[in-house]
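# Architecture and fold: a report
Residues per chain, in single letters:
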Amino acid sequence: MVPAGYTVALVHEGQWLSTPVTARLVRGTRVRIYCTVEGGTVTGPTGHSSALWDKIDGGYIPDVDVNTGTQQPVRGNCGQ
């Protein structure tokens, strides 16, 4: 789920902030995580930084932008 502290979380075409934005998710949006992958480092609203990205419908979202309850991967590697 997109956590408190965000108005909008951005979904990207790839696992880097420089890739095109494919969707904007409002706070509280539930997402299905298919797999995880390393990518560009992102700092979330709590100040935690991570290079972990989650593959969801429509692209990739920085793991710090998703409230998974852990700072560790919750799904297997995407194989990239």
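Residues numbered from 1 in each chain as written. Predicted model: local features only at pLDDT ≥ 70, side-chain atom pairs only at ≥ 80, totals over all residues. Heavy atoms only, no water.

The subject of this paragraph is the confidence of the model for the protein. Scored by pLDDT, the protein has a mean of 89; 91% of the residues are at 70 or more. Across the protein, element-level confidence peaks in strand β5 (residues 59-62) with a mean pLDDT of 96 and bottoms out in strand β1 (residues 8-12) with 91. (pLDDT = per-residue confidence, 0-100. Helix = DSSP H or I, 4+ residues; strand = E, 2+ residues; numbered from the N terminus.)

Inspection of the secondary structure puts G44 in the loop between β3 (35-43) and β4 (49-56). Put simply, G44 and G76 are 32 residues apart on the chain and 22 Å apart in space, counted from C-alpha to C-alpha.

Further remarks concern the nonpolar core. In this structure, A9, V11, L25, I33, I56, I61 and V66 together form the largest nonpolar core, which totals seven residues. One finds V37, V42, W53 and V64 within the second-largest nonpolar core, a separate group that totals five residues. (Core = buried A, V, L, I, M, F, W, Y, C linked by side-chain atoms within 4.5 Å. Buried < 20%, exposed > 50% of the residue type's maximum accessible area, 1.4 Å probe, protein only.)

Counting across every chain of the model gives one disulfide. Across the disulfide from C35 sits C78; the S-S distance is 2.0 Å. Linking C35 and C78, the disulfide has an S-S dihedral of approximately 100° and is accordingly described as right-handed. Pair noted here: C35 is in strand β3 and C78 is in the segment after β5, with a separation of 43 residues, a long-range link. With relative accessibility at 14%, the residue C35 sits in the buried group. What makes C78 partly exposed here is its relative accessible area of 22%. (Disulfide = S-S within 2.5 Å.)

Any pair of aromatic rings gets described here by the distance separating the centres and the angle formed by the planes. Tallied over the full model, the rule gives zero aromatic pairs. Here K55 stacks its cationic end above the ring of Y60, 5.4 Å away from the centre of that ring. (Phe/Tyr/Trp six-rings, centres within 6.5 Å; stacked < 30°, edge-to-face > 60°. Lys NZ or Arg CZ within 6 Å of the ring centre and 35° of its normal.)

Note on placement: T19 falls in the loop between β1 and β2 (21-26). Take T19: its relative accessible area is 19%, and that puts it in the buried class. Reaching out from T19, the side chain makes a polar contact with the backbone oxygen of W16 at a distance of 2.8 Å. Residues within four places of T19 in sequence aside, it is in contact with H12, E13 and G14. (Polar contact = N/O pair within 3.5 Å; in protein donor to acceptor, adjacent residues only side chain to side chain. Contact = heavy atoms within 4.5 Å.)

Moving on: a nonpolar patch on the surface. Residues V8, L10, V21 and V26 make up a contiguous nonpolar surface patch of about 270 Å² in total accessible area. Elements represented by at least two residues in the nonpolar patch include exactly β1 and β2. Its location among the elements puts V21 in strand β2. The exposure class assigned to V21 is partly exposed, which follows from its relative accessible area of 35%. (Patch = residues over 30% accessible without salt bridge, like charges linked within 9 Å, V, L, I, M, F, W, Y side chains within 5 Å. Areas by Shrake-Rupley, 256 points an atom, 1.4 Å probe, with all protein chains shown as cover. Salt bridge = Lys/Arg side-chain N within 4 Å of Asp/Glu carboxyl O.)

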